[in-house]
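# A structural walkthrough
Each chain, written out:
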Amino acid sequence: MPSFWKQKSLAEFSQEEWESLCDGCGRCCLIQLEDEDSGERHLTGVACRHLALNNCRCTVYADRAQQQPDCVPLTPQNLAGLDWMPESCAYRRIAEQRPLPDWHPLLRGDASAVPKVCNFAVSEAAIANTDELEVYIINDYES
Ligand code: SF4
Ligand code: SF4
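All of the points below concern the structure found in this document. (Residues numbered from 1 in each chain as written. Chains lettered and ligands numbered in written order. Predicted model: local features only at pLDDT ≥ 70, side-chain atom pairs only at ≥ 80, totals over all residues.)

## Here's the deal with the overall build of the protein
- The secondary structure content of the protein amounts to five helices and five strands.
- Mapped from its N terminus to its C terminus, the protein presents α and β elements in the order α-α-β-β-β-β-α-α-α-β.
- Taken over the C-alpha trace, the protein has a radius of gyration of 16 Å; the compact-globule value for 143 residues is 15 Å, and the two agree within 12%.
- In the protein, buried positions account for 19% of the 143 residues. (Helix = DSSP H or I, 4+ residues; strand = E, 2+ residues; numbered from the N terminus. Rg over C-alpha atoms; globule rule 2.2 N^0.38 Å. Buried ≥ 20, exposed ≤ 12 C-beta atoms within 10 Å, placed from the backbone.)

What follows is the structure, given as structure tokens:
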């Protein structure tokens, strides 16, 4: 499937092509906090409890919408409305007609250069009081 992402729209991808576009960075699995007054979103360094930090993969992927109600499985149809998705996300890049980065597995052939959040994130499951996630805000992290 040579450069299929350049030749098709997201809606035309096969399921295999769609899944291969995810680079496994895990950025969309970091918890975001929303300011109730301003609506502003703040990214934290806390990963969803279902993200395995040893390989940065979702442990409940096939059943994620049921296991984690605030997890929104991406589709070609809902992507445009998900403005909280990281700007670096491969799906967002393609939807916005931006190129994939050099480190993307589809270009490089392996995932060894993907900047994974699991290199620094802590798991929600390891935090005693999830009402105090403000201390984990990392707004300066490049999205
Ligand atoms: S941010 Fe995009 S590319 Fe990264 S893990 Fe999430 S869906 Fe995949
Ligand atoms: S359920 Fe899985 S895909 Fe959804 S946010 Fe959690 S780790 Fe990420």
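## Structural notes on the pairing of strand β1 (residues 30–34)
- Alignment of β1 against strand β2 (residues 41–47), held across four bridges, turns out to be antiparallel. Bridging from a neighbouring strand, Glu34 pairs with Arg41 of β2.
- A loop of six residues connects β1 with β2, the two strands running antiparallel in sequence, and Gly39 in this loop sits at a positive phi of about 80 degrees. (Pairing = 2+ DSSP bridges.)

## Overview of the pairing of β2
- Pairing of β2 with strand β5 (residues 122–123) involves two bridges; the strand directions are parallel. In the strand pairing of β5, Val46 is matched with Val122.

## Structural notes on the site of ligand 1
- Taken together, Cys22, Asp23, Gly24, Cys25, Gly26, Arg27, Cys28, Leu74, Pro86, Cys89, Ala90 and Tyr91 make up the full set of residues near ligand 1.
- A breakdown of the residues in the shell around ligand 1 according to their chemical character gives eight nonpolar, two polar and two charged. (Near = placed C-beta within 6 Å. Nonpolar A, V, L, I, M, F, W, Y, C, P; charged D, E, K, R; others polar.)

## Observations regarding the environment of Asp35
- Of note, Asp35 is situated in the loop between β1 and β2.
- Given 9 C-beta atoms within a 10 Å radius, Asp35 is considered exposed.
- Between the C-alpha atom of Asp35 and that of Asp102, which follows or precedes it by 67 residues, the distance is 34 Å.

## Here's the deal with the sheet that holds β1
- The strand order across the open sheet built from three strands is β1-β2-β5, with neighbouring strands paired in mixed fashion. Looking at which strands have only one partner, the edges of the open sheet turn out to be β1 and β5.

## Some details on the nonpolar core
- Ranked by size, the top nonpolar core spans 20 residues in total, and within it Cys29, Leu30, Ala47, Leu51 and Val117 carry the most contacts.
- Residue assignment for this core shows that the elements contributing at least two residues are β1, β2 and α4 (90–95). (Core = buried A, V, L, I, M, F, W, Y, C linked by C-beta atoms within 7 Å.)

## Some details on unusual backbone geometry
- With a phi angle near 60 degrees, Cys56 is a residue other than glycine that sits in the positive phi range.
- Considering the arrangement of structural elements, one finds Cys56 in the loop between β3 (51–52) and β4 (57–58).
- One non-glycine residue with positive phi stands out, namely Gln97, at about 60 degrees.
- Inspection of the secondary structure puts Gln97 in the loop between α4 and α5 (105–108).

## Some details on the environment of Gly26
- Mapped onto the fold, Gly26 is located in the loop between α2 (15–21) and β1.
- Each C-alpha atom, one on Gly26 and one on Cys48, is 9.5 Å from the other, the two residues being 22 residues apart in sequence.
- Apart from the residues lying within four places of it in its own chain, the contact partners of Gly26 are Ala47, Leu51, Cys56, Lys116, Val117 and Cys118. (Contact = placed C-beta atoms within 7 Å.)

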